[in-house]
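# Understanding the architecture of this molecule
These are the residues of each chain, in order.
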Amino acid sequence: MMANNLYQRENLRHLAKLGELAPAQQQAYENFSRTVMQEGVLTKKDKEIIAVAVAHATECPYCIDVHTRNAKKSGASLEELVEAVFVTAALEAGGAVTHSTHMQNALDQDANDTLYRRSNLKKLANLNQLIPNGFRAYSRFNTEATKEGKLNAKLKELIAVSIAHTTECPYCIDVHTKSAQRAGSTKEELSEAILVAAALLAGGAYAHMANLIESYGE
């Protein structure tokens, strides 16, 4: 009998069936995920912290559970994980705020036909004029969430770049890649952080196949 609760840890037992249902894909996914999460230019701890942050962007409860436990085993504190997820929250908000430039362009008959231009960001100042209290509150939140704390500025910017690729916000990718470089991140570190995001995006779909199998068996 299928449970009424859509999210239960015991649903993950269904993932054992994937080796029979799609063996080649299952093996390739496991190799991808395992390889990406191995220690490289970023430590295992840093990668798991990034994974927890990305899991909150993909909103996969299975991924949050697994990677929170992995991060704890790797030495991450609860304070560090909470700070990482606040970076996620700030980037989610930032994606909406920066895309408000498209709303402004939509109302401007003379706006350029190119939807994504770096120069669009100049229009963010208009929000400060239209809704000054709200925009200043957002700006304070973004500054507080991304400043150095239990996590250093470099790791927070690597998290931000990972989240920006998860939310597919080109403005956020541009801004935070440059910020990460200023904080001392290398191309190799940025690349590893992005691959963690890729693995978590794939992992969200992978883990939810447990629900697919649970529902199919109803």
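Check the entry above for the structure.
What you see is a predicted model, and the numbers here were worked out from it, not measured in a lab.

A tally of helices and strands in the protein yields ten helices and zero strands. N-terminal to C-terminal, the α/β element order of the protein is α-α-α-α-α-α-α-α-α-α. For the protein, with 218 residues in total, the buried portion stands at 40%. Sequence separation of 24 or more characterises 75% of the internal contacts of the protein that already satisfy a separation of 6 or more. Here the protein has roughly 12400 Å² of accessible surface; of this, 55% comes from carbon and sulfur atoms. Counting 23 positive and 25 negative side-chain charges, the protein places the centres of these two groups 5 Å from one another.

To continue, consider unusual backbone geometry. For E59, which is not glycine, the phi torsion reads 60° and is therefore positive. Owing to a relative accessible area of 59%, E59 belongs among the exposed residues under this scheme.

Moving on: helix 7 (residues 132–146). Taking 1.5 Å of rise per residue, the 15 residues of helix 7 would be expected to cover 21 Å, and the 21 Å separating its terminal C-alpha atoms lies within 8% of that figure. Considered for burial, the residues of helix 7 that qualify are F135, Y138, N142, A145 and T146. All buried residues of helix 7 project into a common sector of 95° when viewed along the axis, lining one side. The exposed residues of helix 7 that point more than 90 degrees off its buried face are N133 and R140. Here the buried face of helix 7 lies against helix 5 (78–106), helix 6 (124–130) and helix 8 (153–167).

Turning our eyes to something else, we now look at the packing of aromatic side chains. Counted by the stated rule, this structure contains five aromatic pairs. Between Y29 and Y206, the ring centres sit 4.1 Å apart and the planes meet at 20°, which makes this aromatic pair stacked. With Y29 in helix 2 (residues 23–36) and Y206 in helix 10 (residues 187–216), this residue pair connects regions lying 177 residues apart in the sequence. Across the pair, Y206 and Y29 agree in class, each one buried.

On to helix 8, then. For helix 8, with 15 residues, the first-to-last C-alpha span of 21 Å sits near the 21 Å given by 1.5 Å per residue. Burial of helix 8 is extensive: eleven of the 15 residues sit out of reach of the surface. Within helix 8, burial applies to L155, K156, E157, L158, I159, A160, V161, S162, I163, A164 and T166. Looking at the buried side of helix 8, the elements it contacts are helix 3 (44–58), helix 5, helix 7, helix 9 (170–182) and helix 10. The opening residue of helix 8 is N152, an N-cap whose side-chain oxygen sits 3.2 Å from the backbone nitrogen of K154. Once helix 8 ends, the next one or two residues include E168, with phi positive near 60°.

This paragraph deals with the nonpolar core. In this structure, I49, I50, L91, I159, I163, V196 and L200 are the most contacted members of the largest nonpolar core, which totals 39 residues. Counting only elements with at least two residues in this core, the list comes to helix 3, helix 4 (61–73), helix 5, helix 8, helix 9 and helix 10. When residues in this core are grouped by element, the largest group, eight residues, is from helix 3. Excluding its chain neighbours within four sequence positions, the residues that come into contact with I50 are L42, L155, I159, S162, A193 and V196. Counting six residues, the second-largest nonpolar core is a separate cluster that includes L15, L18, Y29 and A210.

So, on to the layout of surface pockets. If a probe as big as a water molecule is rolled over the atoms, it shows which places are left empty. Approximately 330 Å³ is the volume attributed to the largest pocket. Around the largest pocket, the lining is made up of 19 residues, and of these Y29, S33, V66, H67 and Y206 lie nearest the centre. If you list the elements that add at least two residues to the lining of the largest pocket, you get helix 2, helix 3, helix 4 and helix 10. When the residues that make up the lining of the largest pocket are grouped by side-chain class, the tally is eleven nonpolar, four polar and four charged. A volume near 180 Å³ is recorded for the second largest pocket. Lining the second largest pocket are 13 residues, with T98, Y138, N142, V175 and H176 positioned closest to its centre.

Calculation criteria
Residue indices begin from 1 for each chain and proceed along its sequence in written order. pLDDT decides what is reported in this predicted model: residues at 70 or higher carry local features, side-chain atom pairs at 80 or more are listed and counted, and totals for whole chains, interfaces and linings draw on all residues regardless. By convention in this description, side-chain values take in all heavy atoms of the structure and omit both hydrogens and water. Secondary structure elements are defined from DSSP: runs of H or I of at least 4 residues count as helices, runs of E of at least 2 residues count as strands, and each element is numbered from the N terminus. Burial classification: accessible surface area is computed with a 1.4 Å probe over protein chains only, and a residue below 20% of its type maximum counts as buried, one above 50% as exposed, and the rest as partly exposed. Two residues qualify as a contact provided that any one of their heavy atoms is within 4.5 Å of a heavy atom in the partner residue. The method behind every accessible area is Shrake-Rupley, applied with a 1.4 Å probe, and residues are considered shielded solely by the protein chains displayed. His is not counted, nor are the chain ends; Lys and Arg add positive charge and Asp and Glu add negative charge. In this description, the location of a charge corresponds to atom NZ of lysine, CZ of arginine, CG of aspartate or CD of glutamate. Working rule for helices: expected span equals 1.5 Å times residues minus one. Regarding the arc, it is the one traced by the directions from the helix axis to the C-beta atoms. Pairing of aromatic side chains here covers Phe, Tyr and the six-membered ring of Trp, requires ring centres within 6.5 Å, and sorts the geometry by plane angle: under 30 degrees stacked, over 60 edge-to-face, intermediate tilted. Two N or O atoms form a polar contact when they lie within 3.5 Å of each other; inside protein one atom must be a possible hydrogen donor and the other a possible acceptor, and for residues adjacent in sequence the pair counts only when both atoms belong to side chains. The nonpolar core is taken to be a set of buried Ala, Val, Leu, Ile, Met, Phe, Trp, Tyr and Cys residues, with the residues joined through side-chain atoms within 4.5 Å. Here the term cavity refers to a set of points on a 1 Å grid, laid over the protein atoms alone, in which a 1.4 Å probe fits but cannot get out; the term pocket refers to an open set having protein on both sides within 12 Å along at least five of seven lines, with lining residues being those that place an atom within 4 Å of a point. Grid points are joined across faces, edges and corners, and a volume is the space filled by probe spheres set on the points. Under the scheme applied, nonpolar residues are Ala, Val, Leu, Ile, Met, Phe, Trp, Tyr, Cys and Pro; charged residues are Asp, Glu, Lys and Arg; polar residues are all the others, including Gly.

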